[in-house]
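# Working through the structure, step by step
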Amino acid sequence: DEIAGGFGEAPPERHESGEVGYEVRLARAPDREGLIETIRAVAEAGRYIEAESVADVLEEEGAVLRRHPVRSRLVFVARTDDEVAGWVHLDLPELEKLRHTAVLTVGVHPDNRGHGIGATLLDRGERWAREHGYERLYNSLPATNDIAIDWLVDRGWHEEAVREDHYRIDGEPVDEVMMATDL
């Protein structure tokens with residue numbers, strides 16, 4: 001059972017937003033296909049490169065949760081009754097010198113936006129990290145994804161650095177905006 005992989009207690013949480021009800025819980029093996037599809041739908045426009053790499057890793061490795069001596073992975077999903085509506089992914093370095101930091105990606109399928117699912121997932125990921133001794137979270141985005149950058153800023157994140165021309169999107173150089181928040 002993947003949940004028993006040493007990530008601690010993380011009971012499912014039920015949420016309602018208008019007519020939309022959803023559960024946020026640790027991802028399980030049966031969520032994998034829907035999770036990858038949701039991540040790819042969010043990353044489709046080429047504006048969330050980190051999410052694309054998460055989908056690639058999930059496809060390659062098979063397991064949605066991973067406890068490893070060097071780098072672990074934790075994923076919470078938001079599920080409506082019949083589908084994965086969104087996710088928050090934490091890439092967790094296990095090396096002592098990096099153990100206080102994690103990389104967070106979060107996204108909501110375009111069909112499920114506007115119901116607060118993203119904010120709920122972000123809060124769940126931040127809360128889990130804080131409860132497990134992490135002090136800082138990072139998220140990197142192409143500068144062309146100003147909607148996501150503004151969304152994170154509105155939730156207390158800040159721009160920490162910019163790597164100029166880090167990405168090539170549609171053949172054009174695009175800066176990477178490195179966002180951070182202290183827990």
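Preceding this paragraph is the structure being described.
Residues numbered from 1 in each chain as written. Predicted model: local features only at pLDDT ≥ 70, side-chain atom pairs only at ≥ 80, totals over all residues. Heavy atoms only, no water.

## Quick notes on the sheet that holds strand S2 (residues 20-26)
Where strands meet in a sheet, backbone hydrogen bonds hold them as pairs that are either parallel or antiparallel. Quick reminder of the rule: For two strands to be treated as a pair, DSSP must find no fewer than two bridges joining them. Secondary structure elements are taken from DSSP: a helix is a run of H or I of four residues or more, a strand is a run of E of two residues or more, and numbering for both begins at the N terminus. To obtain an axis, a line is fitted to C-alpha atoms, over the contacting stretch when the element is a helix, and the angle between two such axes runs from 0 to 180 degrees between their N-to-C directions.
Reading across the sheet, the eight strands line up as S1-S2-S3-S4-S5-S6-S8-S7 and stay open at both edges, with mixed pairing between neighbours. A strand with exactly one partner marks an edge of an open sheet, and here the two such strands are strand S1 (13-17) and strand S7 (158-169). Direction aside, neighbouring strands of the sheet carry axes that sit 25 degrees apart on average. As paired elements, strand S3 (residues 71-79) and strand S4 (residues 84-93) share nine bridges and run antiparallel to each other.

## What to know about the pattern of salt bridges
Side chains that differ in sign of charge can pair as their charged atoms come close. Just so we agree on the cut-off: Here, a salt bridge means any Lys or Arg side-chain nitrogen found within 4 Å of an Asp or Glu carboxyl oxygen. Exposure is judged per residue with a 1.4 Å probe applied to protein chains only, and the accessible area is read against the type maximum: over 50% gives exposed, under 20% gives buried, and values in between give partly exposed.
Evaluated as defined, the whole model comprises 17 salt bridges. For Arg66, the salt bridge is made with Glu61, and the minimal N-O distance between the two is 3.7 Å. Between Glu61 and Arg73 there is a salt bridge; the shortest N-O distance is 2.9 Å. Taken together, the positions of Glu61 in helix H2 (residues 49-61) and Arg73 in strand S3 put the pair 12 residues apart, joining distant regions of the chain. For Glu61, a relative accessible area of 39% corresponds to the partly exposed category.

## Thoughts on helix H1 (residues 32-43)
Owing to its 3.6 residues per turn, the α-helix brings residues three or four apart onto one side. Condition: Here the expected span of a helix is defined as 1.5 Å times the quantity of residues minus one. We call two residues contacting when some pair of their heavy atoms lies within 4.5 Å.
With 12 residues, H1 ought to run about 16 Å at 1.5 Å a step, and its terminal C-alpha atoms sit 16 Å apart, in line with that. Where H1 is buried, its residues meet H2, S3, S4 and strand S5 (101-108).

## Comments concerning a nonpolar patch on the surface
Note the cut-off: The residues that make up patches have over 30% relative accessible area and no salt bridge, and they are joined within 9 Å when like-charged or within 5 Å when they are Val, Leu, Ile, Met, Phe, Trp or Tyr. Note that accessible areas follow from Shrake-Rupley with a 1.4 Å probe, and for residues the cover is restricted to the protein chains shown.
Where nonpolar side chains cluster on the molecular surface, the patch consists of Val70, Leu95 and Leu98 and spans about 240 Å² of accessible area. If you trace the backbone, Val70 turns up in the loop between H2 and S3.

## Looking at the nonpolar core
Quick note on the threshold: We call a set of buried residues a nonpolar core when its members are Ala, Val, Leu, Ile, Met, Phe, Trp, Tyr or Cys and they connect through side-chain atoms within 4.5 Å of each other.
Residues Leu35, Leu74 and Trp128 are the most contacted members of the largest nonpolar core, which totals 48 residues. A total of six residues in this core trace back to one element, the largest contributor, which is S4. Those residues within four positions of Leu35 in sequence are excluded, and the remaining contacts are Leu58, Val64, Val75, Val77, Val84 and Trp87.

## Focus: the environment of Gly21
Take Gly21: it is sitting in strand S2. A residue is classified by how much of its surface remains accessible, and Gly21, at 15% relative accessible area, is buried. Sequence separation between Gly21 and His115 is 94 residues; the distance between their C-alpha atoms is 9.3 Å. Each residue touching Gly21, except ones within four places of it in the same chain, is listed here: Arg14, His15, Glu16, Arg79 and Thr80.

## Regarding a negative patch on the surface
Just so we agree on the cut-off: Charged residues are defined here as Lys and Arg on the positive side and Asp and Glu on the negative side; His and the ends of the chain fall outside this count. To locate a charge, take atom NZ for lysine, CZ for arginine, CG for aspartate or CD for glutamate.
The grouping of Asp81, Asp82, Glu83 and Asp111 at the surface amounts to a negative patch. Assessed through its relative accessible area of 35%, Glu83 is described here as partly exposed.

## What about the packing of H1 against H2?
How we decide: For this classification, under 35 degrees means roughly parallel, over 145 means roughly antiparallel, 65 to 115 means roughly perpendicular, and everything else is oblique. Rotating anticlockwise by less than a right angle from the far helix to the near helix defines a left-handed crossing, while the corresponding clockwise rotation defines a right-handed one.
Contact geometry for H1 and H2: axes closest at 9 Å, N-to-C directions at 155 degrees. In terms of axis orientation, H1 runs roughly antiparallel to H2. Read as a crossing pair, H1 and H2 show a hand that is left-handed. On H2, the residues that touch Arg32, Leu35, Ile36, Ile39, Arg40 and Ala43 of H1 are Ala51, Glu52, Val54, Ala55, Asp56, Leu58 and Glu59.

## Let's talk about the environment of Asp165
One can find Asp165 in strand S7. Assessed through its relative accessible area of 45%, Asp165 is described here as partly exposed. For Asp165 and Glu176, which are 11 residues apart along the polypeptide, the C-alpha to C-alpha distance reads 7.1 Å. Not counting chain neighbours up to four residues away, the residues in contact with Asp165 comprise Pro173, Val174 and Asp175.

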